[in-house]
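# Structural characterization, general
Listed below are the residues making up each chain.
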Amino acid sequence: MQPSSFFLISGVLVAAAGAQNAEERIGCTAIAVDGAATEDGSAFAGMNADSGDADYRLTFVPPRQHIGGERPIFTFNLSYPRWVGFGRGEFFHPKAGHALSEPVGHIPEVKSTFGYYEATEPLFNDQGLGFGESSCAAMLVNKFPGDEKDTRDVPIGLLDTVTLMQLALERCATARCGVELMGELAEKFGFVPTPGEPTLGSVRGQTAWDDAGEAYTLADSKGEAWVFHVLGGVSGITKSVWVAQKVPKGHFALVANEFIIGELPSEPNEEFLFNREIFQAAKVAGLWDGVGPLHFSRTFAPEAMAFESPAGTTPIPLYAALRRWGLMNLAAPSLQLPFKSSNDEYPFSVRPDKVLSHRDVMGFLRYQYEGTEFDMTKGILAGPFGTPFRLEGGPRSGQVPRGIAITRTLYSIIAHTGPKRQLAWFAMDTPTTSVYVPLYSRSRAVSSAYATGHSSSFSRDSASWAFNFVSNFMQLNYRDMSKQDVYPAIESWQDTIDEERKAVEGANADTLAKWQADVQQKVTASWWNMSDFLIMKYNDGRVNVPKVGRSPGYPQWYADMVGFSNDVHPVWVQPASQPQASLLSEIDGGYMAPRFQVPQLWDPESSSWTYHPLPAASVSEEVQQLASISPGAASDAVPFAAAALSTLAALLAGVALGRGFERRVSRSTTGAGEHLL
């Protein structure tokens, strides 16, 4: 038998994202949901925090009273320990070998500050205000304080990504207050991104920086949600440019490392807030000619289809576009949004087809494009047992998809806040294989397991290491471990927590705090028990429960695909655009045929793309018929995902051996900043 000359492409193509973003300091997917879109009237804001080396320990920074004076300002590179000093709780006190963090400046202090939960970044305060964050490419970036090597004529920025979040949570109870305060402070003191994160790039001959701007999502106890963008400024005009847009009533929005706010009104209003110098700054910087409305994303962000970061590399527009397409269609499948290669061709927000619960939002952040052509559990890179996770870092001849939840997701946070309840849901490590535990605004309880650990020292005292171990061990046989063991355990824990919290939400603060900490400890202990159980059950490539020594073997479709035979020489295979018809019925969950062309080859000389034709012309009727069958392959942890997307067209089928995607020729009339009813 000759090897079948194809790969199942779902796991191969999206961007040079694997190579170019594998080492990013922190790159996240952030969401925002207006309270009118949810079951209990709560708004949601949150994120998957994706980083390879940041300090993920969870703590609570207590509220404080201040006697005048000034607040020291620090820059945070996020590595362990992320901050060392006094005045923010015992958690941060210096330990052996830890030097005190040094301030880079000061601003006036306020009389009192709220308390808040913090991990790598600030999360949620005792007033019910919560955050998500996603770093974005930008056309302007300020100098860092004390950086004498930077000789550009640009403002110096004092307040970095983390500091702005801290200040908003310290001083604000509402999302509107948060965006207004961050805007005011960014104008007055200047914004800078996370140290070490910006990457110098180029777009059609202009200088631009990856990860130099920030997008925040905010939600509050009024059930209101906002999206905020900020970047560098223009000397003599403003120290920073910023804009905020309220999420429309009943809508869902997400940010995937690119700005999403579009056309601005001539003046700030109830739905849009921005600094009044924004129009002048755009013109002086040479980014806008002053004709027509100012489109924020197309003015202050580099064109994703042509942005090389660093210069000379292939642009990666699908790094953002795939996530926005996937989650918008998951929330509102009836819209059947077509796939667009550029982020700014998607609307600012969509109205979900159904009223959302917190479990639905958890499903959004666990989502792996199940049931679409881009299903992360399909294809040769998913292996014989369908892992949704990919190795990043190259080679540069190809690209891997950017998932919603990835292996280097440190934690996931969802602020679930409205008139009836104010809490956040926190999942340590990647949420696809983790459990969300509650953090209430009127509690400060953080167990030692969640406050312990860092990436360079394994510890069984750490919740992070428990979830990391299970998730990594699952790669041996993800299909069986997820469906038989881990996903059912996740759902069981989420059910238990939801049932138990009904009784404690109305209890006194001490009772609530004890329960909150106990849940964290019990979940951690259960996950360490899970790790031990999985080692036993799947030892030596066998399945040892309920009977010891059963071998699962390779799936038939995988064996046929690689030409498994009596020839014991190493097997080599070549890519093809689609599976053979004879294998379709054997593929777990089915196969989704491609319906959209995607750009393939990038020409750096002309800054343009070319297409490869879809392979459908050569597909037999049998293939087309089988390919149209709904796969029903959503993860057990998010069972509604496949049903929601089984009718949608997906992204691509081709091989990621070419370099990229075709440049956008024209922009959709429904672009960034608009929302769909």
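Quick notes on the rules
- Residues numbered from 1 in each chain as written.
- Predicted model: local features only at pLDDT ≥ 70, side-chain atom pairs only at ≥ 80, totals over all residues.
- Heavy atoms only, no water.
- Salt bridge = Lys/Arg side-chain N within 4 Å of Asp/Glu carboxyl O.
- Buried < 20%, exposed > 50% of the residue type's maximum accessible area, 1.4 Å probe, protein only.
- Axes fitted to C-alpha atoms, helices over the stretch in contact; angles between N-to-C directions.
- Helix = DSSP H or I, 4+ residues; strand = E, 2+ residues; numbered from the N terminus.
- Parallel < 35°, antiparallel > 145°, perpendicular 65-115°, else oblique.
- Left-handed = near helix turned anticlockwise from the far one by under 90°.
- Contact = heavy atoms within 4.5 Å.
- Pairing = 2+ DSSP bridges.
- Polar contact = N/O pair within 3.5 Å; in protein donor to acceptor, adjacent residues only side chain to side chain.

Evaluation of the coordinates by the stated rule reveals 29 salt bridges. For the salt bridge of Glu-267 with Arg-276, the shortest nitrogen-to-oxygen distance reads 2.3 Å. In this structure, the salt-bridge partner of Asp-360 is Lys-354, at a minimum N-O distance of 3.2 Å. What makes Asp-360 buried here is its relative accessible area of 7%. A relative accessible area of 44% means that Lys-354 is categorised as partly exposed.

Direction vectors running N to C along helix H9 (residues 478-504) and helix H10 (residues 509-537) enclose 165°, while the axes themselves pass 12 Å from each other. One way to sum up the angle between H9 and H10 is to call them roughly antiparallel. Between H9 and H10 the crossing geometry is right-handed. Side by side, H9 and H10 meet where Met-481, Gln-484, Asp-485, Val-486, Ala-489, Ile-490, Trp-493, Ile-497, Glu-500, Arg-501 and Val-504 of the first sit next to Leu-512, Trp-515, Val-519, Lys-522, Val-523, Ser-526, Trp-527, Met-530, Phe-533, Leu-534 and Lys-537 of the second.

A separate point is helix H2 (residues 161-171). Counting buried positions over the 11 residues of H2 gives 10, a clear majority of the element. Taken together, the buried positions of H2 are occupied by Thr-161, Val-162, Thr-163, Leu-164, Met-165, Gln-166, Leu-167, Ala-168, Leu-169 and Glu-170.

Here the focus is the pairing of strand E12 (residues 206-219). Strand residues, when the strand is regular, have side chains that alternate between the two faces of the sheet. Across the 14 residues that make up E12, a large majority, 12, are buried. In this sheet, E12 lies alongside strand E10 (residues 130-138) in antiparallel orientation, the contact comprising 8 bridges. Of the residues in E12, the one forming a bridge with Glu-133 is Tyr-216. Summarising the sheet, strand E11 (residues 199-203) and E12 pair through 5 bridges and their orientation is antiparallel. Along E12, the bridge assignment pairs Gly-201 with Ala-208. Following E11, the chain reverses through 2 residues before pairing antiparallel with E12; Arg-204 in that reversal takes a positive phi of roughly 50°. With 6 bridges connecting them, E12 and strand E13 (residues 225-234) associate as antiparallel partners. Bridged to Thr-217 within E13 is Val-227.

What follows covers the side chain of Thr-409. Relative to the helices and strands, Thr-409 resides in strand E19 (residues 409-417). Separated by 2.6 Å, the side chains of Thr-409 and Asp-50 make a polar contact. Setting aside residues no more than four positions away along its own chain, Thr-409 makes contact with Asn-48, Ala-49, Asp-50, Asp-429, Thr-430 and Pro-431.

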